[in-house]
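In case you want the letters, here they are:
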Amino acid sequence: RARVEVVAFDGAGVTADGIRIPLLANVGSAADAEAGAAAHAEGVGLFRTEFCFLDRRTAPGVDEQEQAYAAVIAPFDGRKVVVRTLDAGADKPLPFANDDEEENPALGVRGLRVARRNPALLDDQLAALARATTASAAEIQVMAPMVATVDEARSFAERCRAAGLPTVGVMIETPSAALLAAEILDVVDFVSLGTNDLTQYTMAADRLLSELGELGDTWQPAVLRLIGVVGAAGAKAGKAVGVCGEAGGDPELAPVLVGLGATSLSMSPRALGPVAARLARLTLADCRRAAEAAAASETAAAARAAAAAVLADAE
Ligand code: PEP
Ligand code: MG
């Protein structure tokens, strides 16, 4: 039976051998941010800005965006906040950004791709974020969703820097971006693994379809191996590799992600305590052994079992 841990997080993710793994919150509103700060999250690893505008029919202006962002960032003054630019489309369509006539919205003009059609939307968002950055004591970093090519990463980074936002990353949530992580890390400061979409796109299994849940499982060895490619690229470049998909908040998977090279994990605030407790009992070498065993497996079930065996031994 799974152990249910009721543990408070004291605000510092660290392995048994003293390796710091910052544990951050995923937020989409000021209320989420307050809950994350109250749970002692070390910062925000994913601010889903599209959640601020789900009920809007028309694009929010720069002033309105600045205010919305400032309210979410405020509880994290003095700490890191990774703001994701609008990830409109697929499961989160925004009427002012998406075309609802697409046959395959998950493969369509979503995330950063919206800026091809509507560059002003991204320009306005970056302008609002630059103003929010100037006004705030938080350390704001910006990242783009749904990146597939090095050129997309490069042009996003250029636009952010031109807008006065110096620290830029992209999400790794397509297999293409994972395989090109080394080249992408040449042009951005950090990457963050969106394991929800990375799993969906690697396994070609709709993340909303529970019938395909066994395929849409981040324990699938193909997904773990791709995450390992990204972790290795980050280590080689000396740049941060975050995880901000659901997997980062799973106490079974979190050590495996760290073993594959994740340098921080972002999650729903209630997951902070259980993940911190798990990491505190394991060394980085334990995490690496679990990761190796899981990634070398043939099935998701075997990967889970292999990691669990290594970690049970270590704990
Ligand atoms: C992800 O895809 O893992 C992710 C964090 O982004 P979202 O769930 O918002 O698509
Ligand atoms: Mg995603």
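Residues numbered from 1 in each chain as written. Chains lettered and ligands numbered in written order. Predicted model: local features only at pLDDT ≥ 70, side-chain atom pairs only at ≥ 80, totals over all residues.

Naming follows an unreviewed UniProt entry, where the chain appears as Phosphocarrier protein HPr of Protaetiibacter intestinalis.

Q: So what's going on with the overall build of the chain? Which residues, and what values?
A: When you go through the chain residue by residue, the secondary structure sums to 13 helices and 8 strands. For 315 residues, the compact-globule formula gives about 20 Å, and the C-alpha radius of gyration of the chain, at 19 Å, lands near that figure. With respect to the principal axes defined by its C-alpha atoms, the chain has extents near 55 × 40 × 35 Å. Sorting the 315 residues of the chain into buried and exposed places 52% on the buried side. Within the chain, contacts between residues separated by at least 24 positions form 66% of all contacts whose residues are at least 6 apart in sequence. (Helix = DSSP H or I, 4+ residues; strand = E, 2+ residues; numbered from the N terminus. Rg over C-alpha atoms; globule rule 2.2 N^0.38 Å. Buried ≥ 20, exposed ≤ 12 C-beta atoms within 10 Å, placed from the backbone. Contact = placed C-beta atoms within 7 Å.)

Q: Requested: an account of the confidence of the model for the chain, with residues and values cited.
A: Per-residue pLDDT for the chain averages 96, and the proportion of residues at 70 or more is 98%. Both scores are given for the predicted complex: the pTM is 0.96, the ipTM 0.99. (pLDDT = per-residue confidence, 0-100.)

Q: Account for the pairing of strand 8 (residues 264-267), naming residues and giving values.
A: Of the two faces of strand 8, the one holding Ser264 and Ser266 and the one holding Leu265 and Met267 are both buried throughout. Relative to strand 8, strand 7 (residues 240-243) is paired through 2 bridges, and the arrangement is parallel. Bridge pairing links Val243 to Leu265 in strand 8. Regarding the hand of the β-α-β motif, the stretch spanning strand 7, helix 10 (residues 254-259) and strand 8 is right-handed. (Pairing = 2+ DSSP bridges. Right-handed = clockwise from strand over helix to strand, strands pointing away.)

Q: So what's going on with the site of ligand 1? Residues and values would help.
A: In the vicinity of ligand 1, the contacting residues are Leu46, Arg48, Asp87, Glu173, Gly194, Thr195, Asn196, Asp197, Cys244 and Gly245. Listed by contribution, the elements that provide at least two residues to the shell around ligand 1 are strand 2 (43-48) and helix 8 (195-203). For the shell around ligand 1, the element with the highest residue contribution is helix 8, accounting for 3 residues. Tallied by class, residues from the shell around ligand 1 come to 2 nonpolar, 4 polar and 4 charged. (Near = placed C-beta within 6 Å. Nonpolar A, V, L, I, M, F, W, Y, C, P; charged D, E, K, R; others polar.)

Q: Which residues make up the nonpolar core, and what values do they have?
A: Val44, Val170 and Leu257 are the most contacted members of the largest nonpolar core, which has 103 residues in total. Every residue in contact with Val44, bar those within four places of it in the chain, is listed here: Leu24, Ala25, Val27, Ala33, Gly36, Phe76, Val81 and Val82. (Core = buried A, V, L, I, M, F, W, Y, C linked by C-beta atoms within 7 Å.)

Q: An account of the sheet that holds strand 7 is needed here, citing residue identities and associated values.
A: Across a sheet, paired strands are connected by hydrogen bonds in the backbone, their directions being either parallel or antiparallel. With respect to topology, 8 strands assemble into a closed barrel ordered 1-2-3-4-5-6-7-8, the strand pairing being parallel. The average undirected angle you get between the axes of adjacent strands in this sheet is 25 degrees. By the bridge criterion, 4 bridges tie strand 6 (residues 190-193) to strand 7 in an arrangement that is parallel. Pairing of Ser192 across the sheet is with Gly242, part of strand 7. (Axes fitted to C-alpha atoms, helices over the stretch in contact; angles between N-to-C directions.)

Q: Explain unusual backbone geometry to me, and be specific about the residues and the numbers.
A: Positioned with a positive phi, His40 is a non-glycine residue whose angle comes to about 70 degrees. By the secondary structure assignment, His40 is in the loop between helix 1 (30-38) and strand 2. The phi torsion at Met146 lies on the positive side, around 60 degrees, for a residue other than glycine. Within the element layout of this structure, Met146 appears in the loop between strand 4 (139-144) and helix 5 (150-162).

Q: Tell me about helix 12 (residues 284-295), and name the residues and values.
A: For helix 12, with 12 residues, the first-to-last C-alpha span of 16 Å sits near the 16 Å given by 1.5 Å per residue. For helix 12, every residue scored as buried is listed here: Asp286, Cys287, Arg289, Ala290, Ala291, Ala293, Ala294 and Ala295. Those residues of helix 12 that are buried are in contact with helix 9 (221-237), helix 10 and helix 13 (300-314). (Expected span 1.5 Å × (residues − 1).)

Q: So what about the packing of helix 12 against helix 13? Which residues, and what values?
A: It is the contact of helix 12 with helix 13, at a shortest axis distance of 8 Å, that shows an interaxial angle of 155 degrees. Judged by the angle between their axes, helix 12 and helix 13 are roughly antiparallel. Our pair here, helix 12 against helix 13, has a crossing hand that is right-handed. Note on element contacts: helix 13 touches helix 12 through Ala303, Ala306, Ala307, Val310, Leu311 and Ala314, opposite Asp286, Arg289, Ala290, Ala293 and Ala294. (Parallel < 35°, antiparallel > 145°, perpendicular 65-115°, else oblique. Left-handed = near helix turned anticlockwise from the far one by under 90°.)

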